[in-house]
Amino acid sequence: MGTSGVDASLVGRVFTATPPFEVDRSAIRAFAGVVGATAPVHHDPTAARAAGFADVVAPVTFAVVIAQGAESEYVADPASGIDFSRVVHAEESFTHVRPIVAGDVLRTAVHVDSVTERGGLALVTTRTEITSGDDAVATVVSTLAVRGAES
Amino acid sequence: MSPLRTTDVGAELFVREVEITRELLVRYAGASGDVNAIHYNDAVAEAAGLPGVIAHGMLTMGLAGSALTDWLAGLDDDGVARVVRYGVRFSRPIVVPALGSTTLVVTGTLGARDDEAGTARVDLRAVCDGVTVLGKAQATITL
């Protein structure tokens, strides 16, 4: 038996210290190439502009790169009690106000929305709000399952 | 008019097969910054209680999302921007062999349509070796 060790008292905390994420074309192209996003708007600035975008468009799950970097401010903090060697990813969702494009400089706020213990397993849900200036761009909700330590 | 307004609910929209290799996992680690060793090192994966090296859940989600957005890009030039929400549960891991590949089959079906809201739900099925690897994989798109 064992407990997950996750500190539920951090629910409600918001982490905002991650520096702004500068989205560039090469990062979008590399990510698009791996996940099989072959539409020209992900690769070719001319095609992207012709389609009405400011620059090449990030694939629909690219925001995870931004969110996971920001989440680590919470997840990797020893105060969270999360042992990453015992973590599996349980759920993920993206809500887009507008597509992310090359040239965006994006800020993040990671909200610790819930920690639910169930039989030595903790489900930890974070919500990362991604913004550009005063404008909302995307919301990434991620649930990690943290197994209890064996004893 | 968008063809989505006249497509029957329940209709299959697209199918895509993707070969998942260790090389793809390493490339995803580099492109995403997710360098957890369970996605490239057998010893670490086995020590974590896994049957072997597994694909990043987010790679699987990304591959399924691209099958959808590539299909949407075929509807109109800015079609990739139709996706307003995309969510999944990671129900089963994909074990990726050291040599060769395993095949992921992604199928998109029109799950529901809300003409008043101007949106539709696309249900994504992701199957590897006969096993469904994503649960409740759904995208909300604008019509």
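Quick caveat, the model's predicted, so the values are computed rather than measured.

About the thresholds
- Counting starts from 1 at the beginning of each chain's written sequence and moves along it residue by residue.
- Naming scheme: in the order in which they are written, chains are lettered from A and ligands are numbered from 1.
- Predicted model: local features are reported for residues with pLDDT of at least 70 only, side-chain atom pairs are reported and counted for 80 or more only, and whole-chain, interface and lining totals are derived from all residues.
- Processing note: side-chain calculations cover all non-hydrogen atoms of the structure and skip hydrogens and water entirely.
- Every axis in this analysis is a line fitted to C-alpha atoms, fitted for helices over the stretch in contact. Angles between the N-to-C directions lie between 0 and 180 degrees.
- The helix and strand labels rest on DSSP assignments: H or I over at least four residues marks a helix, E over at least two residues marks a strand, and numbering proceeds from the N terminus.
- Orientation labels follow simple angle bins: below 35 degrees gives roughly parallel, above 145 gives roughly antiparallel, 65 to 115 gives roughly perpendicular, and whatever is left gives oblique.
- Note on convention: the crossing is left-handed when the near helix lies turned anticlockwise from the far helix by less than a right angle, right-handed when the turn is clockwise.
- Every residue pair with non-hydrogen atoms within 4.5 Å of one another is taken to be in contact.
- UniProt positions are given in the numbering used here, feature names are shortened, and annotations may be inferred rather than shown by experiment.
- Only protein chains enter the area calculation, which uses a 1.4 Å probe; residues under 20% of their type maximum are buried, those over 50% are exposed, and those in between are partly exposed.
- When two parts are brought into contact, each loses some accessible area as probed by a 1.4 Å sphere; the total of that loss over both is the buried area.
- Should a side-chain nitrogen of Lys or Arg be within 4 Å of a carboxyl oxygen of Asp or Glu, the pair is scored as a salt bridge.
- All amino acids are sorted into three groups, where Ala, Val, Leu, Ile, Met, Phe, Trp, Tyr, Cys and Pro are nonpolar, Asp, Glu, Lys and Arg are charged, and the leftover types, Gly among them, are polar.
- pLDDT: the predictor's confidence for each residue, scored from 0 to 100.
- A pair of strands counts as paired when DSSP detects no fewer than two bridges linking them.
- Put simply, a nonpolar core is a bunch of buried Ala, Val, Leu, Ile, Met, Phe, Trp, Tyr and Cys residues held in one set by side-chain atoms that sit within 4.5 Å of each other.
- For this analysis, a polar contact is any N or O atom pair within 3.5 Å, provided that within protein one partner can donate a hydrogen and the other can accept it, and provided that sequence-adjacent residues contribute only side-chain to side-chain pairs.
- Multiply 1.5 Å by the residue count of a helix minus one, and that product is the helix's expected span.

On to the packing of helix α1 (residues 25-35) of chain A against helix α1 (residues 22-32) of chain B. For the pair α1 of chain A and α1 of chain B, the least separation of the axes is 9 Å and the interaxial angle reads 150 degrees. Taken together, the axes of α1 of chain A and α1 of chain B are roughly antiparallel relative to one another. Helix-helix and strand crossings are classified by hand; for α1 of chain A and α1 of chain B the assignment is left-handed. On the side of α1 of chain A, the interface is formed by Ala-30, Phe-31, Gly-33, Val-34 and Val-35 of chain A, while α1 of chain B contributes Leu-24, Arg-27, Tyr-28, Ala-31 and Ser-32 of chain B.

What UniProt calls "domain: MaoC-like" (unreviewed entry) maps, in this numbering, to residues 14-122 of chain B. Across residues 14-122 of chain B, the secondary structure splits into 31% helix and 29% strand, with the terminal C-alpha atoms separated by 11 Å.

Residue and element names in this part refer to chain A. One can find His-111 in strand β4 (residues 105-118). By relative accessible area, His-111 is classed as buried at 19%. Among all residues touching His-111, those that are not within four sequence positions of it are Arg-13, Val-14, Thr-125, Thr-126, Arg-127 and Glu-129.

Across the contact, 31 residues belong to chain B and 30 residues belong to chain A. For the pair chain B and chain A, the summed buried area comes to about 2,500 Å², and 61% of that belongs to carbon and sulfur atoms. For the pair chain B and chain A, the number of links is 1 salt bridge. Top contributing element to the side of chain B that touches chain A by residue count: helix α3 (residues 57-73) of chain B, with 10 residues. Each residue belonging to the side of chain B that touches chain A can be placed in one class, and the counts come to 16 nonpolar, 7 polar and 8 charged.

It is worth spelling out the confidence of the model for chain B at this point. Averaged over chain B, the pLDDT score is 96; the fraction of residues at 70 or greater is 99%. Complex prediction metrics read pTM 0.96 and ipTM 0.96.

A few words on the pattern of salt bridges. Going through the model one piece at a time under the given rule, you end up with 13 salt bridges over all chains. Between Arg-22 of chain B and Asp-42 of chain B there is a salt bridge whose closest N-O contact spans 3.1 Å. Of this pair, Arg-22 of chain B sits in helix α1 while Asp-42 of chain B sits in helix α2 (residues 42-47), placing them 20 residues apart in sequence. Judged by relative accessible area, Arg-22 of chain B falls into the buried class, the value being 16%. Judged by its relative accessible area of 31%, Asp-42 of chain B falls in the partly exposed class. Through salt bridges with shared partners, a single network forms among Arg-25, Arg-49 and Asp-55 of chain A.

All right, on to the pairing of strand β3 (residues 87-96) of chain A then. When a strand is regular, its side chains alternate between the sheet's two faces. The pairing of β3 of chain A with strand β6 (residues 135-147) of chain A spans 9 bridges and is classified as antiparallel. Of the residues in β6 of chain A, the one forming a bridge with His-89 of chain A is Leu-144 of chain A. When β3 of chain A meets strand β2 (residues 83-90) of chain B, the two strands line up antiparallel, connected through 5 bridges. By the bridge assignment, Thr-95 of chain A is partnered in β2 of chain B with Arg-85 of chain B.

This brings us to the nonpolar core. Of all hydrophobic cores here, the largest spans 66 residues; its most connected members are Leu-68, Tyr-86 and Leu-104 of chain B. It is α3 of chain B that provides the largest number of residues to this core, a total of 8 residues. Core analysis: the next-biggest nonpolar cluster, separate from the first, contains 15 residues, Val-6, Leu-10, Val-87 and Leu-144 of chain A among them.

So, about the environment of Asp-24 of chain A. Residue and element names in this part refer to chain A. Considering the arrangement of structural elements, one finds Asp-24 in the loop between β2 (21-22) and α1. Asp-24 sits 78 residues away from Ala-102 along the chain, and the two C-alpha atoms are 4.7 Å apart. At 2.9 Å, the side chain of Asp-24 forms a polar contact with the side chain of Ser-26.

This brings us to α3 of chain B. Taking 1.5 Å of rise per residue, 17 residues should cover 24 Å, and α3 of chain B covers 24 Å from first to last C-alpha, within 8% of that figure. Of all the 17 residues making up α3 of chain B, 15 are buried; the element is thus mostly covered by neighbouring parts of the structure.

This next bit is on the environment of Thr-21 of chain B. Residues and elements named next belong to chain B. Along the polypeptide, Thr-21 turns up in the loop between β1 (12-20) and α1. Look at Thr-21 and you get partly exposed, because its relative accessible area is 24%. C-alpha of Thr-21 to C-alpha of Pro-97: the two residues are 76 residues apart in sequence and 7.2 Å apart in space. Residues in contact with Thr-21, not counting those within four places in the same chain, are Val-96, Gly-100 and Ser-101.

Another aspect to go through is unusual backbone geometry. All names here are of chain B. With a phi angle near 50 degrees, Asp-129 is a residue other than glycine that sits in the positive phi range. With respect to the element layout, Asp-129 can be found in the loop between β4 (119-128) and β5 (131-132). When its relative accessible area of 70% is taken as the criterion, Asp-129 is described as exposed. For Lys-136, which is not glycine, the phi torsion reads 45 degrees and is therefore positive. By the secondary structure assignment, Lys-136 is in strand β6 (residues 134-142). Note on Lys-136: relative accessible area 55%, which makes it exposed.

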